[in-house]
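# Descriptive structure summary
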Amino acid sequence: MVIEVLHCPHCQSTDIVRHGTTRQGKQRYRCRTCPERGRTFLLAYAYAGQSPAIKQQIIDMAMNASGIRDTARVLHVSPTTGI
């Protein structure tokens, strides 16, 4: 049996519990140490624009003066997500 240690994408804590499933059947997790009764997150998002890594890339590209359409084209997300 393989045990995978999960880390909260917000606070990097390992105090994680399972928190139901989405409509698509993906497992949802909740961090117990985050304020406001914990934040929920997924390991694999259905839409790439929702993942924290893509959000950080959007911020980095905006700070380097990339346009919204350029950012959307490079990261394969909707221009509305870039806004």
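Residues numbered from 1 in each chain as written. Predicted model: local features only at pLDDT ≥ 70, side-chain atom pairs only at ≥ 80, totals over all residues. Heavy atoms only, no water.

Within the fold, L75 resides in helix α2 (residues 68-75). When its relative accessible area of 13% is taken as the criterion, L75 is described as buried. C-alpha separation for the pair L75 and P9, spaced 66 residues apart in sequence, amounts to 20 Å. (Helix = DSSP H or I, 4+ residues; strand = E, 2+ residues; numbered from the N terminus. Buried < 20%, exposed > 50% of the residue type's maximum accessible area, 1.4 Å probe, protein only.)

This paragraph deals with the pattern of salt bridges. Under the definition given, this model contains two salt bridges. Of the charged contacts in the structure, one is a salt bridge between R32 and D15, with a shortest N-O distance of 4.0 Å. Taken together, the residues R32 in the loop between β2 (27-31) and β3 (40-42) and D15 in the segment before β1 (16-21) connect sequence positions 17 residues apart. The exposure class assigned to D15 is partly exposed, which follows from its relative accessible area of 32%. Note that R73 is salt-bridged to D70, the shortest N-O span being 3.1 Å. In this pair, R73 and D70 both sit in helix α2, three residues apart, roughly one turn of the helix. (Salt bridge = Lys/Arg side-chain N within 4 Å of Asp/Glu carboxyl O.)

Turning our eyes to something else, we now look at the pairing of β1. Sheet topology places β1 next to β2; four bridges connect them, and they run antiparallel. Bridge pairing in β2 links V17 to R30. Between β1 and β2, which pair antiparallel and follow one another directly, the connecting turn spans five residues, one of which, G25, has a positive phi of 90°. (Pairing = 2+ DSSP bridges.)

Bringing helix α1 (residues 52-63) into the picture now. Over its 12 residues, α1 runs 17 Å from end to end, which matches the ideal 16 Å to within 8%, given 1.5 Å per residue. Residues of α1 that are buried include every one of I54, I58 and M61, and no others. Projected down its long axis, α1 shows its buried positions confined to an angular sector of 70°, all on one face. Every exposed residue of α1 that faces more than 90 degrees away from the buried side is listed here: A53 and M63. Buried positions along α1 lie against α2 and α3 (79-82). Positive phi shows up at A65, right after α1, with a value of about 65°. (Expected span 1.5 Å × (residues − 1). Arc of directions from axis to C-beta. Contact = heavy atoms within 4.5 Å.)

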